[in-house]
Amino acid sequence: MKEYKRRLLQIAVPIMLSNLISNIQMLIDRIFLGRLDVLYVSAVGNATAPIWTTMSIVYSLAMGASILISQAVGEGKIEQAKEYAASLHIFHNIIPFILFLFWTFFSPVVFKLMGVAPTVMDYCVNYTRLFAPIYIVTGIGCSMMTMLQTSNYTKPFVTYGLIRSCLNIALDYILIFGKLGLPAMGIAGAALGTTIAEYLGGIYIVIIVAKSKNLITKPSFSQIIHAKFSSYIRTLKLGVNSALEEFCWNIGNITLISLLNTISDTAAGIYSIVFSIEMIGGIVMGSLGSGTVTLTGEATGAKDIKTYRSVIKTSIFWACCVSAATLVLALIFPEQIVGIFTKDRSIIEGSHLYLALVCVNLFSKSTNVIVGSGIKGYGDTKWMFYTQLFGTVFIISLASLFILVFKWGMLGAIVAVLIDEFVRALINSGRLLRIKM
């Protein structure tokens, strides 16, 4: 196996396993809640969409640091890479704390603007306020993850995912259903269990980074104390485009959910279920995308166009293989898959087509994620923001037409997603082919 393939797997596989474990935990969350009341699943779908919009902004802002650190490593400028890491460690905690305050006090305003039904409003607000403390530790988590990833040492992600997710599942079971003498908290228990598990998992990853002596991009204590705000601003100039890209994508998703809320109280829950399945394939893409950003960033720093293109081709091939496998499973076992989340026969039988379509969407999505990661590794984060901005306007227009005018319901939302991903895959691939070094 060529060196870049080995390194791509070294970075991507632990991230993939960690995210897979985390997403299985989230699926189990929804299974627990769905078995109690499908309105709980609808509430989680409504609540998590805007929450993850702002959470993804925090992670995306750190993308600029990851790109600059990787490029500095590729150029052999290790001390410069450490300077960027130190600035991230200190200054990337301000925005998450502001978001913690925002979601604690202003979440009802957001849900009213989304058109959340009165039957699920209180569930959404309670869930969000118990989840909000996670933002306090998100900034430091980003800096730790960036150091590990840019040092090509992602093995701790697996143990981190196991600790966090196993604790979450156990706590969810206890708190949602009221076990061990505790009162049954329902959806509030799901949020509280997640928050406690995130804090305990975070303690593990901090200890690992503090003790590790093999992280080439890990700054010294002195470098952290004397970190320059100007270095952080340089990372933000790249990261802000990735944050805006994520923001635009999530605005489109929130708008879709708002449109679905006009159909029925349970439509957002069904949408959440079918896209939870797609999320499993998306884990592989996201993990390969993380590895692609790091390795294409290093290749860009070294001005090695051959390795740059080879990394992207390999990642796309592997992602498409997983997409094909996910689609086959969705076609063979649709009832069994959807039946995990709900006992409602009408929802199970009505979701077959939706499940197949979202899995077909994985092929276009894999192209967007991997090609987009390569473009970001090259340092062009503006392009991905511009194409996502176009995509957001495009998908909102299509979904509004299909749902409000043509009255296609859930099918209209999913067809809009398919068309949007396919069109952007073509546009982004055209940009990639024009990159030269």
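Residues numbered from 1 in each chain as written. Predicted model: local features only at pLDDT ≥ 70, side-chain atom pairs only at ≥ 80, totals over all residues. Heavy atoms only, no water.

**Q** Could you clarify how one ought to interpret a nonpolar patch on the surface in this entry?
**A** Among the surface-exposed residues, F97, L101, F102, F105, F106, V109, L113, I136 and Y199 lie close enough to one another that they form a single nonpolar patch of about 870 Å² accessible area. In terms of residue count, the dominant contributor to the nonpolar patch is helix α5 (residues 94-113) (seven residues). Following the sequence through the fold, F97 ends up in helix α5. Judged by its relative accessible area of 42%, F97 falls in the partly exposed class. (Patch = residues over 30% accessible without salt bridge, like charges linked within 9 Å, V, L, I, M, F, W, Y side chains within 5 Å. Areas by Shrake-Rupley, 256 points an atom, 1.4 Å probe, with all protein chains shown as cover. Salt bridge = Lys/Arg side-chain N within 4 Å of Asp/Glu carboxyl O. Helix = DSSP H or I, 4+ residues; strand = E, 2+ residues; numbered from the N terminus. Buried < 20%, exposed > 50% of the residue type's maximum accessible area, 1.4 Å probe, protein only.)

**Q** Can you help me understand the nonpolar core in this one?
**A** When a protein is soluble and globular, its nonpolar side chains tend to lie buried together. With 121 residues, the main nonpolar core has F111, Y127, Y271, M410 and I414 as its most contacted residues. Considering every element that reaches this core, the biggest residue donor is helix α12 (residues 267-301), with 14 residues. If we ignore the near neighbours within four places in the chain, the residues touching M410 are L260, I263, A267, I270, Y271 and Y354. (Core = buried A, V, L, I, M, F, W, Y, C linked by side-chain atoms within 4.5 Å. Contact = heavy atoms within 4.5 Å.)

**Q** What am I meant to see in helix α13 (residues 305-332) here?
**A** The periodicity of an α-helix, 3.6 residues per turn, causes residues three or four positions apart to be oriented the same way. Taking 1.5 Å as the rise per residue, α13 with 28 residues should run 40 Å; its terminal C-alpha atoms sit 41 Å apart, in good agreement. Every buried residue of α13 is accounted for by Y308, S310, V311, I312, T314, S315, A319, S323, T326, L327 and A330. Where the residues of α13 are buried, they touch α1 (3-36), α12, α14 (334-339), α16 (352-377) and α18 (410-433). (Expected span 1.5 Å × (residues − 1).)

**Q** Is there a simple way to explain the packing of helix α11 (residues 229-261) against α12 in this structure?
**A** The description of two helices packed together rests on the angle between their axes and the distance between the axes. Relative orientation of the contacting elements α11 and α12 amounts to 135°, with a least axis distance of 8 Å. When the axis of α11 is compared with that of α12, the two are oblique. Residues N253, L256, I257, L260 and N261 of α11 form the contact with α12, whose own contacting residues are A267, A268 and Y271. (Axes fitted to C-alpha atoms, helices over the stretch in contact; angles between N-to-C directions. Parallel < 35°, antiparallel > 145°, perpendicular 65-115°, else oblique.)

**Q** Please clarify how the environment of S151 should be interpreted in this entry.
**A** Along the chain, S151 turns up in the loop between α7 (135-150) and α8 (156-177). Residue classification places S151 among the buried positions, given a relative accessible area of 10%. Considering only alpha carbons, one finds S151 and L215, 64 residues apart in sequence, at a separation of 5.3 Å. Leaving out residues up to four positions away in the same chain, S151 has contacts with L215, I216 and T217. A distance of 2.9 Å separates a polar atom in the side chain of S151 from a polar atom in the side chain of T217. (Polar contact = N/O pair within 3.5 Å; in protein donor to acceptor, adjacent residues only side chain to side chain.)

**Q** Looking at this structure, I do not really get the layout of surface pockets. What am I missing?
**A** One simple way to see leftover space: roll a probe sized like a water molecule over the atoms. Roughly 260 Å³ of internal volume is contained in the second largest pocket. For the second largest pocket, the lining is made up of 13 residues, of which L27, I277, I280, L329 and I337 are closest to its centre. At the level of elements, α1, α12 and α13 are the ones that each hand at least two residues to the lining of the second largest pocket. (1 Å grid on protein atoms, 1.4 Å probe; cavity = no way out; pocket = protein on both sides within 12 Å on 5 of 7 lines; lining within 4 Å. Points joined across faces, edges and corners; volume = space filled by probe spheres on them.)

**Q** Before we go on, may I ask you to explain the environment of A81 in this structure?
**A** Here A81 is to be found in helix α4 (residues 78-91). Considered as a pair, A81 and L68 are 13 residues apart in the sequence and their alpha carbons are 7.2 Å apart. Leave out the neighbours within four places in its chain, and A81 touches I69, A72, V73 and T217.

**Q** Can you help me understand the side chain of K376 in this one?
**A** Within the secondary structure layout, K376 lies in helix α16. Contact partners of K376, with chain neighbours within four places excluded, come to M63, I67, S242, E245, T381 and M384.

**Q** How do you make sense of unusual backbone geometry when you look at a structure like this?
**A** Most peptide bonds adopt trans geometry, and most residues besides glycine take a negative phi value. Phi at L180 takes a positive value of approximately 55°, unusual for a residue other than glycine. Residue placement: L180 occurs in the loop between α8 and α9 (187-211). Taking the relative accessible area as the measure of exposure, L180 reaches 74% and is therefore exposed. We note that K407 has phi near 60°; this positive angle belongs to a residue other than glycine. You can see K407 is positioned in the loop between α17 (381-405) and α18. Note on K407: relative accessible area 63%, which makes it exposed.

**Q** What is the right way to look at the environment of M147 in this model?
**A** You can see M147 is positioned in helix α7. When its relative accessible area of 3% is taken as the criterion, M147 is described as buried. Each C-alpha atom of the pair M147 and P219 lies 8.8 Å from the other, and the pair is 72 residues apart in sequence.

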